[in-house]
Amino acid sequence: MGLLPVPAEVSAILLDIEGTTTPIAFVRETLFPYIKDNVKKFLYAHWEEEECQRDVRLLRKQAQEDSSLDGAVPIPLESGSGEEELERVIQAVVDNVHWQMSLDRKTTALKQLQGHMWRAAYATGHIKGEIFEDVVPAIRKWREAGMKVYIYSSGSIEAQKLLFGHSTEGDILELFDGHFDTKIGPKVESESYRRIAASIGCATNNILFLTDVPREANAAEEADTHVAVVTRPGNAGLTDDEKSYYSLISSFTELFLPSST
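Keep in mind that this is a model prediction, so the values were computed, not measured.

Considering the packing of aromatic side chains
Think of a pair of aromatic rings as described by two things: how far the centres are apart, and how the planes are tilted against each other in angle.
Next, step 1: One pass over the full model with this rule turns up eight aromatic pairs.
Next, step 2: Note on W142 and F252: the rings are 5.2 Å apart at their centroids and 35° apart in plane angle, and the pair reads as tilted. Residue W142 is found in helix 5 (residues 135–144), and its partner F252 is found in the loop between strand 7 (248–249) and strand 8 (255–256); the two are separated by 110 residues along the sequence.
Next, step 3: Overall, F252 belongs to the buried group, its relative accessible area being 1%.

If you want it as structure tokens, here you go:
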């Protein structure tokens, strides 16, 4: 696609994760299946721990709020002791988690349990965060040129740090100056990018946002943030209008920093 010059006023690069730094397949074929395949075993192993019980209480509260939804799975209170009772409640939690994931829900309760499971999986080496091979060399070059580099993802900041702290490239957290998740605001709302700019102490037009999602790119542009859409293998296809409108890159190496000449 050729080189894409970075505007001279840009001093910070804001990165999406899924489909930008990391293959979409890693999230869909590694992270999520790990939860589905291991949630029951995880619950049995950690059931007596307070953190696990907090997760279950939050899931139970969410299940009560979801009770009117089609196919919703309630999570009963433990009404006694014994293996059969424990099996009954744990199976209900498992069924609830599977139901939420089948609908691609992003409830705090679900994300919290997933985060704790992924933390354990990364720590034991069962999972390593996949990073496209061009990412680390490019970020190092950007930082040498004086750029700040930040992450903005719908995944929690904890999940972001786990991925980059236990990645196929090793622990690369030192490459990032900060992390943002949807607590700062949804990625499809322009106000979120204004909040990020304020948080890092610059104007919105001092930021270049890299994402694979046109709706996010549009929201960032509305906030006067520079944008490039990333076209990685496995990413959703773009319409002809989107291809002609947005600046496109297929690799971070295609960004050209005027200050690096």
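Some thoughts on the environment of G155
Next, step 1: Position of G155 among the secondary structure elements: in the loop between strand 3 (148–152) and helix 6 (157–165).
Next, step 2: Separated by 96 residues in sequence, G155 and S251 place their C-alpha atoms 22 Å apart.
Next, step 3: The contact partners of G155, leaving out residues within four places of it in the chain, are Q160 and D181.

Here we look at the sheet that holds strand 2 (residues 12–15)
Next, step 1: Strand order in the open sheet made by the six strands is 4-3-2-5-6-7, with parallel pairing throughout. At either end of the open sheet lies a strand with only one pairing partner, and these are strand 4 (178–180) and strand 7.
Next, step 2: Relative to strand 6 (residues 226–230), strand 5 (residues 207–211) runs parallel, the two being bridged by four bridges. Bridging from a neighbouring strand, F209 pairs with V227 of strand 6.

Focus on the domain arrangement of the chain
Where interface size is quoted, it is often the accessible area lost as the parts come together.
Next, step 1: What the domain assignment lists for the chain is domain 1 (4–22 + 130–256) and domain 2 (28–124).
Next, step 2: Taking only C-alpha atoms into account, the centre of domain 1 sits 31 Å from that of domain 2.
Next, step 3: At the junction of the two partners, domain 1 supplies eight residues and domain 2 supplies eight residues.
Next, step 4: For the domain 1 face of the interface with domain 2, the top three residues by lost area are E158, L162 and H166, together amounting to 53%.
Next, step 5: Here domain 1 and domain 2 share two salt bridges between them.
Next, step 6: Across the pair R28 and E18 runs a salt bridge, and its minimum N-O distance is 3.8 Å.
Next, step 7: Applying the counting criterion to the domain 1 and domain 2 interface returns one residue pair in polar contact (both at pLDDT 80 or more).
Next, step 8: Of the residues in the side of domain 1 that touches domain 2, the class split is two nonpolar, three polar and three charged.

Definitions and cut-offs
Residues numbered from 1 in each chain as written. Predicted model: local features only at pLDDT ≥ 70, side-chain atom pairs only at ≥ 80, totals over all residues. Heavy atoms only, no water. Phe/Tyr/Trp six-rings, centres within 6.5 Å; stacked < 30°, edge-to-face > 60°. Helix = DSSP H or I, 4+ residues; strand = E, 2+ residues; numbered from the N terminus. Buried < 20%, exposed > 50% of the residue type's maximum accessible area, 1.4 Å probe, protein only. Contact = heavy atoms within 4.5 Å. Pairing = 2+ DSSP bridges. Domains from an automatic or database assignment. Buried area = accessible area lost by both parts, 1.4 Å probe. Salt bridge = Lys/Arg side-chain N within 4 Å of Asp/Glu carboxyl O. Polar contact = N/O pair within 3.5 Å; in protein donor to acceptor, adjacent residues only side chain to side chain. Nonpolar A, V, L, I, M, F, W, Y, C, P; charged D, E, K, R; others polar.

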